[in-house]
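For reference, the chains in residue letters:
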Amino acid sequence: MFGKKKNIKIRAMHYEGIENFIQNAGCEIEITEEEVVIKKIKPEVTVKLPVDRIIKCEYLSEYDFLTKYHNCTPENRKSNILKSFLVITYTSKSGETKNIIFWAVPPQSTKFIDLQYKFGKTEEKTIIL
């Protein structure tokens, strides 16, 4: 009953941010206490990101994602599939702030919300007393 925490596993599609992963490549994302393990399916390639380098995770609708990160909207949609996006913002080994972006559809995309709460989404705020 009280044991080791279960890892979060999500099947999603890579959108951008990982070199040598093509857009829309199928992936499995597994979040452990120490790292985020991203496995590309066919051919299998594994990328690991230590959780201590993650700044935040954001769960966004397709509209919000395209507006915020690409300055456009999905007006000419060819399908009615409701995509949700996960943006993982992290610090690279060289100290740069970078993003890894995935998309998924329900029910997998609802797991993105778990990551948003696990790693936080809040922007820095200054409170003057």
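Keep in mind that what you see is a predicted model, and the values were worked out from it rather than measured. (Residues numbered from 1 in each chain as written. Predicted model: local features only at pLDDT ≥ 70, side-chain atom pairs only at ≥ 80, totals over all residues. Heavy atoms only, no water.)

### Observations concerning the overall build of the chain
Looking only at helices and strands, one finds two helices and seven strands in the chain. Of the regular secondary structure in the chain, the N- to C-terminal order runs β-β-β-β-β-α-β-β-α. Across the chain, contacts joining residues at least 24 apart in sequence account for 48% of those joining residues at least 6 apart. (Helix = DSSP H or I, 4+ residues; strand = E, 2+ residues; numbered from the N terminus. Contact = heavy atoms within 4.5 Å.)

### Quick word on helix α2 (residues 111-119)
Every α-helix carries 3.6 residues per turn, so stepping three or four residues along brings you back to the same face. Among all positions in α2, only F112, L115, Q116 and F119 are buried. One side of α2 carries all its buried residues, which in axial view fall inside an arc of 105 degrees. (Buried < 20%, exposed > 50% of the residue type's maximum accessible area, 1.4 Å probe, protein only. Arc of directions from axis to C-beta.)

### Details of the side chain of S92
Mapped onto the secondary structure, S92 falls in the loop between β6 (84-91) and β7 (97-104). Within polar-contact distance, the side chain of S92 engages the side chain of S94 at 3.0 Å. Discounting chain neighbours no more than four positions away, the residues touching S92 are R53 and K98. (Polar contact = N/O pair within 3.5 Å; in protein donor to acceptor, adjacent residues only side chain to side chain.)

### Points about the nonpolar core
V36, I38, I54, I88, I100 and F102 are the most contacted members of the largest nonpolar core, which has 22 residues in total. If you list the elements that add at least two residues to this core, you get β1 (8-16), β2 (25-31), β3 (35-40), β5 (54-61), β6, β7 and α2. By size, the runner-up hydrophobic cluster in this structure holds eight residues, among which are Y15, L60, F65 and F85. (Core = buried A, V, L, I, M, F, W, Y, C linked by side-chain atoms within 4.5 Å.)

### Topic: helix α1 (residues 62-70)
Among the residues of α1, E62, F65 and L66 are the ones counted as buried. Along the axis of α1, the buried positions cluster into a sector of 95 degrees, meaning they face one direction only.

### Points about the side chain of K40
Within the element layout of this structure, K40 appears in strand β3. Notably, K40 is buried but unbridged: the nearest opposite-charge side chain belongs to E44, and the N-O separation is 11 Å. Ignoring anything within four residues of it in the chain, the contact list for K40 reads N20, F21, A25, G26, C27 and V45. (Lys, Arg positive; Asp, Glu negative; His and termini not counted. Salt bridge = Lys/Arg side-chain N within 4 Å of Asp/Glu carboxyl O.)

### Describing the packing of aromatic side chains
Across all of its chains, the model carries four aromatic pairs by this definition. Residues Y15 and F65 carry aromatic rings whose centres are separated by 5.4 Å and whose planes lie at 90 degrees to one another, so their mutual orientation is edge-to-face. Of this pair, Y15 sits in strand β1 while F65 sits in helix α1, and the two are 50 residues apart along the sequence. Of the two residues, Y15 and F65, both sit in the buried class. Centroid distance Y15 to F85: 5.3 Å. Interplanar angle 90 degrees. Geometry classified as edge-to-face. A residue pair is termed long-range when its members are at least 10 positions apart, and Y15 in strand β1 and F85 in strand β6 qualify at 70 residues. Residue Y15 shares its accessibility class with F85, and that shared class is buried. (Phe/Tyr/Trp six-rings, centres within 6.5 Å; stacked < 30°, edge-to-face > 60°.)

### Quick look at the pattern of salt bridges
Here the structure, examined in full by the defined rule, presents two salt bridges. In this structure, E58 and K56 form a salt bridge, with 3.8 Å as the shortest nitrogen-oxygen distance. Exposure class is identical for E58 and K56. Each is buried. Note that K68 and E58 form a salt bridge whose closest N and O atoms lie 2.7 Å from each other. Of this pair, K68 sits in helix α1 while E58 sits in strand β5, and the two are 10 residues apart along the sequence. Of the residues examined, K68 reaches a relative accessible area of 44% and is grouped as partly exposed. Each of K56, E58 and K68 takes part in salt bridges that share partners, so that together they form one network.

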